Amino acid sequence: MIRVWTLDSFDDKQLAKFNRTLYTAFGVGSEHSGSAEIPAGMPEPLDAEKLLTDVKGIRSYKDDKILLLTTRKLKERELPSGMAPTSGFAWHGKDRAILSIHPHKDLESGYKAVARHALHQLGHLWELHHCLDPRCSMYPPWTPSFTQGEPIFCTFCREKSEQKIRLAKS
Ligand SMILES: [Zn+2]
Ligand SMILES: [Zn+2]
């Protein structure tokens, strides 16, 4: 099951729509599980890696994937090609990821781009790697065309995620 934990306030209806999109993409239930806390004094833009470790108030169950959702900006990351704006970060193959909706003010105003980024980070939790198909949500997210795409996977990534989800259940 996918459990969304919010770090700031989000509209319930928009969260419900977001969870339906995640359910459609992965075929597993997705719900808003509660709100968690950013550790006091953590400067903005937030350090995504540190936040995943230090966040307070998360309950987790075996086989759950946790997606933290924030409206705040994340610190840019250094790539071989230079600094890249960061909208999310995931513990590859493990259980925890974070997603920022920045620069959108709410889920609805940036819906497709935010949902596509969410699929991407959750995909990494199910061990998906970057994909060469520009339509796929596992396409490298720092590419200029990424945010224009739909929140979908290519057939290969969809099948791979389904396989990982089945393995986790059995
Ligand atoms: Zn990635
Ligand atoms: Zn793909």
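- Under the UniProt heading Cofactor (unreviewed entry), the entry covering the protein chain gives this text: "Zn(2+)".

1. Quick notes on the packing of helix α1 (residues 12-26) against helix α3 (residues 111-125)
And then number 1: Put simply, α1 and α3 touch, their axes get as near as 10 Å, and they point 50° apart. Of the possible angle classes, the one that applies to α1 and α3 is oblique. Remark: the crossing between α1 and α3 carries right-handed chirality. Mapping the contact onto sequence places Lys17, Phe18, Thr21, Leu22, Ala25 and Phe26 in α1 and Tyr111, Val114, Ala115, Ala118, Leu119, Leu122 and Gly123 in α3.
And then number 2: For the contact of α1 with α3, the residue count by class is 10 nonpolar, two polar and one charged.

2. Brief notes about the pairing of strand β7 (residues 96-100)
And then number 1: Counting buried residues in β7 gives five out of five residues, a clear majority hidden from the surface.
And then number 2: Neither face of β7 is left uncovered, since the one carrying Arg96, Ile98 and Ser100 and the one carrying Ala97 and Leu99 both have all their residues buried.
And then number 3: When strand β3 (residues 65-70) meets β7, the two strands line up parallel, connected through five bridges. What sits directly across from Thr70, in β7, is Ser100.
And then number 4: Here strand β6 (residues 88-90) folds back onto β7, and the loop between the two strands holds five residues, one of which, Gly93, carries a positive phi near 75°.

3. Quick word on the packing of aromatic side chains
And then number 1: All told, the structure shown has two aromatic pairs when counted by the stated rule.
And then number 2: Pairing Phe26 with Trp126 gives two aromatic rings, centres 5.0 Å apart and planes at 40°, and the pair type is tilted. On the criterion of sequence distance, the pair formed by Phe26 in helix α1 and Trp126 in the loop between α3 and α4 (155-169) is long-range, its members being 100 residues apart.
And then number 3: Among the aromatic residues, ring-to-ring pairing joins Phe26, Trp126 and Phe153 into one connected group.
And then number 4: The side chain of Lys17 reaches across the aromatic face of Tyr111, ending 4.1 Å from its centre.
And then number 5: Its end group placed over the ring of Phe146, Arg116 keeps NZ or CZ at 4.5 Å from the ring centre.

Criteria and thresholds
Residues numbered from 1 in each chain as written. Chains lettered and ligands numbered in written order. Predicted model: local features only at pLDDT ≥ 70, side-chain atom pairs only at ≥ 80, totals over all residues. Heavy atoms only, no water. UniProt positions renumbered as here; feature names shortened; annotations may be inferred. Axes fitted to C-alpha atoms, helices over the stretch in contact; angles between N-to-C directions. Helix = DSSP H or I, 4+ residues; strand = E, 2+ residues; numbered from the N terminus. Parallel < 35°, antiparallel > 145°, perpendicular 65-115°, else oblique. Left-handed = near helix turned anticlockwise from the far one by under 90°. Contact = heavy atoms within 4.5 Å. Nonpolar A, V, L, I, M, F, W, Y, C, P; charged D, E, K, R; others polar. Buried < 20%, exposed > 50% of the residue type's maximum accessible area, 1.4 Å probe, protein only. Pairing = 2+ DSSP bridges. Phe/Tyr/Trp six-rings, centres within 6.5 Å; stacked < 30°, edge-to-face > 60°. Lys NZ or Arg CZ within 6 Å of the ring centre and 35° of its normal.

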